[in-house]
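Observations on chain architecture
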Amino acid sequence: LVDAAPDVMLPPGPNRVFITAGFALGDFGGVAFADAMCASEAAAAGLTGTFVAWLSTSTVDARDRLGSSRGWVRVDGVPVIDTVEAWLDRGQMFNPIDRDATGVLRRSPIWTGSGPDGRVAMASTCNDWTQIFPSANLGEPTAAMPAFAEGFGWDCFYNGRFACFEVGLASVVTP
């Protein structure tokens, strides 16, 4: 998690966001695995920066994992989100997050464990991503909130992708 103190300016962005090309069963072991998958796919595509998966657990909300970052675009430069608050509180999403780190269109469900407010949806995280039961919230990456976060529940023995958000930069993003 990259975060800055309130009096520290973040470097200019924008941040990039993508959907993993790879899949994982719901018992993938926790956010560290998902973050590592995001970092690996970003590096393989030549993207620098720090990337975190949009995932909630019983102890951390997905929205908090983005820290003080602002402004996200897809890897093809298309604007997606300006601020976390505008996205989650007012539903402002300019374009879908539907590309992987290389720009290939991906329309498969993503693990989130979150509600539309970016906070954990209890009992919807495959026991913090460590067990193959009972179920978890999956989102639809091509949709705005609330479907992005909780499009449907899915048994943990199915495969899902991750939404990967770059963090640590700040830039105003407009449609």
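Residues numbered from 1 in each chain as written. Predicted model: local features only at pLDDT ≥ 70, side-chain atom pairs only at ≥ 80, totals over all residues. Heavy atoms only, no water.

Re the packing of aromatic side chains
In total, this model carries 12 aromatic pairs according to the counting rule given. Judged by centre distance (5.1 Å) and plane angle (15°), the rings of Phe28 and Trp129 are stacked. A residue pair is termed long-range when its members are at least 10 positions apart, and Phe28 in the loop between β2 (24-25) and α1 (31-44) and Trp129 in helix α3 (residues 126-129) qualify at 101 residues. Of the two residues, Phe28 and Trp129, neither departs from the other in class, the shared state being buried. Put simply, the rings of Phe28, Phe33, Trp111, Trp129 and Phe162 pair up and form one aromatic cluster. (Phe/Tyr/Trp six-rings, centres within 6.5 Å; stacked < 30°, edge-to-face > 60°. Helix = DSSP H or I, 4+ residues; strand = E, 2+ residues; numbered from the N terminus. Buried < 20%, exposed > 50% of the residue type's maximum accessible area, 1.4 Å probe, protein only.)

Observations concerning the state of the cysteines
Counted according to the given criterion, the structure contains two disulfides. Covalent S-S linkage joins Cys38 and Cys164, the inter-sulfur distance amounting to 2.0 Å. Residues Cys38 and Cys164 share a disulfide whose torsion about the S-S bond is about -75°; that sign makes it left-handed. Taken together, the residues Cys38 in helix α1 and Cys164 in strand β10 (residues 163-167) connect sequence positions 126 residues apart. (Disulfide = S-S within 2.5 Å.)

Thoughts on the environment of Thr20
Here Thr20 lies in the loop between β1 (15-19) and β2. Residue Thr20 is classed as buried on the basis of its relative accessible area of 0%. Residues Thr20 and Ala101 lie 81 residues apart in sequence; the distance between their C-alpha atoms is 7.0 Å. The residues contacting Thr20, other than those within four sequence positions of it, are Met37, Cys38, Glu41, Asp100, Arg106, Arg161, Phe162 and Cys164. (Contact = heavy atoms within 4.5 Å.)

Description of the sheet that holds strand β8 (residues 152-155)
An order of β6-β7-β8 is seen for the three strands of this open sheet, with the pairing classed as antiparallel. The sheet is open, and its two borders are formed by β6 (110-111) and β8, each paired with just one other strand. In the sheet, β6 pairs with strand β7 (residues 135-139) via two bridges, with the strands oriented antiparallel. Across the sheet, residue Ile110 finds its bridge partner in β7, namely Gly139. (Pairing = 2+ DSSP bridges.)

Considerations on the sheet that holds strand β4 (residues 72-74)
With mixed pairing, the five strands of this open sheet are ordered in space as β3-β10-β1-β4-β5. Of all the strands in the sheet, the pair left with one neighbour each is β3 (50-53) and β5 (79-81). Each neighbouring strand pair of the sheet contributes to a mean axis angle of 35°, computed without reference to strand direction. Examined bridge by bridge, β3 and β10 share four bridges and lie antiparallel to one another. (Axes fitted to C-alpha atoms, helices over the stretch in contact; angles between N-to-C directions.)

Describing a nonpolar patch on the surface
A cluster of nonpolar side chains, Leu25, Ile132, Phe133, Phe157 and Tyr158, forms an exposed patch at the surface whose accessible area comes to about 470 Å². Examined against the element boundaries, Phe157 turns out to sit in the loop between β8 and β9 (159-160). (Patch = residues over 30% accessible without salt bridge, like charges linked within 9 Å, V, L, I, M, F, W, Y side chains within 5 Å. Areas by Shrake-Rupley, 256 points an atom, 1.4 Å probe, with all protein chains shown as cover. Salt bridge = Lys/Arg side-chain N within 4 Å of Asp/Glu carboxyl O.)

Quick word on the pairing of β1
With five of five residues buried, β1 lies mostly within the body of the structure. Here β1 shows two buried faces, one formed by Asn15, Val17 and Ile19 and the other by Arg16 and Phe18. When β1 meets β4, the two strands line up parallel, connected through three bridges. Looking at the pairing, Arg16 lines up with Val73 of β4. Bridge analysis of β1 against β10 gives three bridges, and the strand direction is antiparallel. Note on β10: the bridge partner recorded for Val17 is Phe165.

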